[in-house]
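# Descriptive structure summary
The primary structure of each chain is shown beneath.
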Amino acid sequence: MANLKSSKKRAITNEKRRERNTAIKSEVKTVIRKVNKAVSAGDKEAAVKALSIADRKLDKAVSKGAIHRNQAANRKSGIAARVNAMDA
């Protein structure tokens with residue numbers, strides 16, 4: 001354990017951030033899973049709705065610093081491509 005007061009405070013802050021980031025990342029994975037489930041079920045309407053929610057959650061995760069903006073862009077484009085491929 002840290003000895004200095006500032007080090008102790010930093011350790012507490014880091015733990016809070018780790019927990020927050022874990023929760024945000026888990027939520028992002030869940031919404032992406034919902035999009036994939038709707039796509040595999042062939043439900044276009046549900047997939048589009050889930051895609052909209054997933055886009056918002058990914059943007060929120062970027063703004064909170066939980067994931068990098070390029071990772072969010074890659075994930076958004078990937079799930080959007082799967083949803084758009086349902087028409088073809």
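Residues numbered from 1 in each chain as written. Predicted model: local features only at pLDDT ≥ 70, side-chain atom pairs only at ≥ 80, totals over all residues. Heavy atoms only, no water.

## Section: a positive patch on the surface
The cut-off we apply is this: Patch building starts from residues that exceed 30% relative accessible area and form no salt bridge, then joins like charges within 9 Å and nonpolar side chains (Val, Leu, Ile, Met, Phe, Trp, Tyr) within 5 Å. Throughout, the Shrake-Rupley method with a 1.4 Å probe supplies accessible areas, and for residues the shown protein chains are the sole cover considered. Each salt bridge in this description consists of a side-chain nitrogen of Lys or Arg and a carboxyl oxygen of Asp or Glu lying within 4 Å of one another. The positive count covers Lys and Arg only, the negative count covers Asp and Glu only, and His and the chain ends enter neither. Where a charge lies is defined by one atom per residue type: Lys uses NZ, Arg uses CZ, Asp uses CG and Glu uses CD. Only DSSP runs of H or I with at least four residues qualify as helices, and only runs of E with at least two residues qualify as strands; both kinds are numbered from the N terminus onward.
A contiguous patch of positive charge, built from R10, R17, R20, R56, K60 and K64, is present on the exposed surface. Of all the secondary structure elements, the ones that give two or more residues to the positive patch are α1 (5-41) and α2 (44-64). Relative to the assigned elements, R10 resides in helix α1.

## Comments concerning helix α3 (residues 69-84)
Condition: The span expected for a helix works out to 1.5 Å for each residue beyond the first. Classification of residues uses two cut-offs on accessible area relative to the type maximum, computed with a 1.4 Å probe and protein chains only: under 20% is buried, over 50% is exposed, and between them is partly exposed. Directions are taken from the helix axis to each C-beta atom, and the arc is the one they span. The criterion used for residue contact is that any of the two residues' heavy atoms lie within 4.5 Å.
Look at α3: 22 Å from first C-alpha to last across 16 residues, which is about the 22 Å you get at 1.5 Å a residue. Considered for burial, the residues of α3 that qualify are A72, I79 and V83. One face of α3 carries all of its buried residues, which in axial projection span an arc of 50°. For α3, the exposed residues lying more than 90 degrees away from the buried face are N74 and N84. Residues of α3 that are buried sit in contact with α1 and α2.

## A closer look at the pattern of salt bridges
When charged atoms on two side chains of opposite charge get close, those side chains can pair. Applying the stated rule across the entire model yields three salt bridges. Among the salt bridges present, the one from R18 reaches E15, with a minimum N-O distance of 2.6 Å. Note that R18 and E15 are positioned in helix α1 at a spacing of three residues, about one turn of the helix. With a relative accessible area of 47%, R18 lands in the partly exposed category. K76 is the partner of D59 in a salt bridge, and the nearest nitrogen-oxygen pair spans 2.8 Å. Taken as a pair, D59 in helix α2 and K76 in helix α3 lie far apart in primary sequence, 17 residues in all.

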